[in-house]
Amino acid sequence: MKHYIGIAGTNAKHSTNRQLIQYMSHHYADSATITLADIAGWPLFYKTPDHTVPAAATTLAEQIQAADGVIIATPEYDHAVPAVLSSALAWLSYYIHPFAGKPVMILGASYGALGTSRAQAQLRQILTSPELDARILPSGEFLLGHSLKAFTDQGELTDAKAVAHLDELMANFAIFADINAQLTNSLRAIHKGAQA
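Residues numbered from 1 in each chain as written. Predicted model: local features only at pLDDT ≥ 70, side-chain atom pairs only at ≥ 80, totals over all residues. Heavy atoms only, no water.

Some words on the UniProt feature "domain: NADPH-dependent FMN reductase-like" (unreviewed entry) in the protein
Next up, step 1: When the UniProt feature table is mapped to this numbering, "domain: NADPH-dependent FMN reductase-like" (unreviewed entry) covers residues 5-147.
Next up, step 2: From the first C-alpha to the last, residues 5-147 spans 22 Å; its make-up is 31% helix and 19% strand. (UniProt positions renumbered as here; feature names shortened; annotations may be inferred. Helix = DSSP H or I, 4+ residues; strand = E, 2+ residues; numbered from the N terminus.)

Take a look at the structure:
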């Protein structure tokens with residue numbers, strides 16, 4: 001069974017992006033464990049003189065390194081990712097590199113019709129920067145529009161097409177994580193052979 005870290009890129013108490021990850025956590029419980037990580041309350045990023053990071057960032061970095069992959073659900077504010085998510089990713093790339101070579105799936109839920117399409121594009125750019133060096137699931141987008149009406153009172157997605165699309169993405173993400181692990185192991189073996 002795969003183990004993923006789910007990050008809702010928000011500090012809002014009531015978030016449809018957090019709700020989306022919570023839905024995934026119980027909907028895919030038979031095939032994956034999704035641990036929801038909370039980035040609310042982290043300090044805004046700044047370059048510490050001694051290169052230290054907050055304890056919460058260190059803890060999450062260790063969880064990311066131990067996981068098979070990361071699922072990030074981002075809101076969209078003014079065509080961009082929220083400041084809290086950008087700041088958290090900056091901490092997670094400041095003299096620590098838990099995302100390096102790590103499979104990541106990007107999702108997004110928004111009140112409007114576009115489902116955070118621009119924020120997801122920006123997030124891809126951030127995650128593929130040299131400081132983060134994540135492996136983004138190719139051709140994988142999940143854009144949940146009109147998210148205030150997208151869930152039942154029990155937290156279930158109401159749109160069967162959206163559920164089917166998410167099912168497909170989760171299956172592809174598991175395959176992607178396996179292929180990435182094989183590639184990473186092969187590269188390590190080649191590197192060790194070159195050093196011998």
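Some points on the pairing of strand 4 (residues 103-109)
Regular strands have side chains that alternate between both faces of the sheet.
Next up, step 1: Within strand 4, 7 of the 7 residues are buried, which leaves it mostly tucked inside the rest of the structure.
Next up, step 2: Residues of strand 4 alternate between two faces, with P103, M105, L107 and A109 on one and V104, I106 and G108 on the opposite face, all of them buried.
Next up, step 3: The pairing of strand 3 (residues 69-73) with strand 4 spans 4 bridges and is classified as parallel. In the strand pairing of strand 4, V70 is matched with V104. (Buried < 20%, exposed > 50% of the residue type's maximum accessible area, 1.4 Å probe, protein only. Pairing = 2+ DSSP bridges.)

Considering the side chain of K102
Next up, step 1: Of note, K102 is situated in the loop between helix 3 (83-91) and strand 4.
Next up, step 2: Buried and unpaired, K102 has no salt bridge, with D68 as the nearest side chain of opposite charge at 6.8 Å. (Lys, Arg positive; Asp, Glu negative; His and termini not counted. Salt bridge = Lys/Arg side-chain N within 4 Å of Asp/Glu carboxyl O.)

Observations regarding the environment of H3
Next up, step 1: Assignment of secondary structure puts H3 in strand 1 (residues 2-8).
Next up, step 2: Classification of H3 as partly exposed rests on a relative accessible area of 27%.
Next up, step 3: The sequence separation of H3 and A57 amounts to 54 residues, and the corresponding C-alpha distance is 19 Å.
Next up, step 4: Setting aside residues no more than four positions away along its own chain, H3 makes contact with T33, T35, A67, D68 and G69.
Next up, step 5: Separated by 2.9 Å, the side chains of H3 and T35 make a polar contact. (Contact = heavy atoms within 4.5 Å. Polar contact = N/O pair within 3.5 Å; in protein donor to acceptor, adjacent residues only side chain to side chain.)

A few points about the nonpolar core
Next up, step 1: In this structure, I7, L60, I72, F99, V104 and L127 are the most contacted members of the largest nonpolar core, which totals 30 residues.
Next up, step 2: Broken down by secondary-structure element, the contributors of at least two residues to this core are strand 1, helix 2 (55-66), strand 3, helix 3, strand 4 and helix 4 (117-127).
Next up, step 3: A total of 5 residues in this core trace back to one element, the largest contributor, which is helix 3.
Next up, step 4: If sequence neighbours within four positions are ignored, L127 has contacts with I72, L89, F99, V104, I106, L132, D133, A134 and I136.
Next up, step 5: Counting 27 residues, the second largest nonpolar core, distinct from the first, contains I21, I34, L107 and L166. (Core = buried A, V, L, I, M, F, W, Y, C linked by side-chain atoms within 4.5 Å.)

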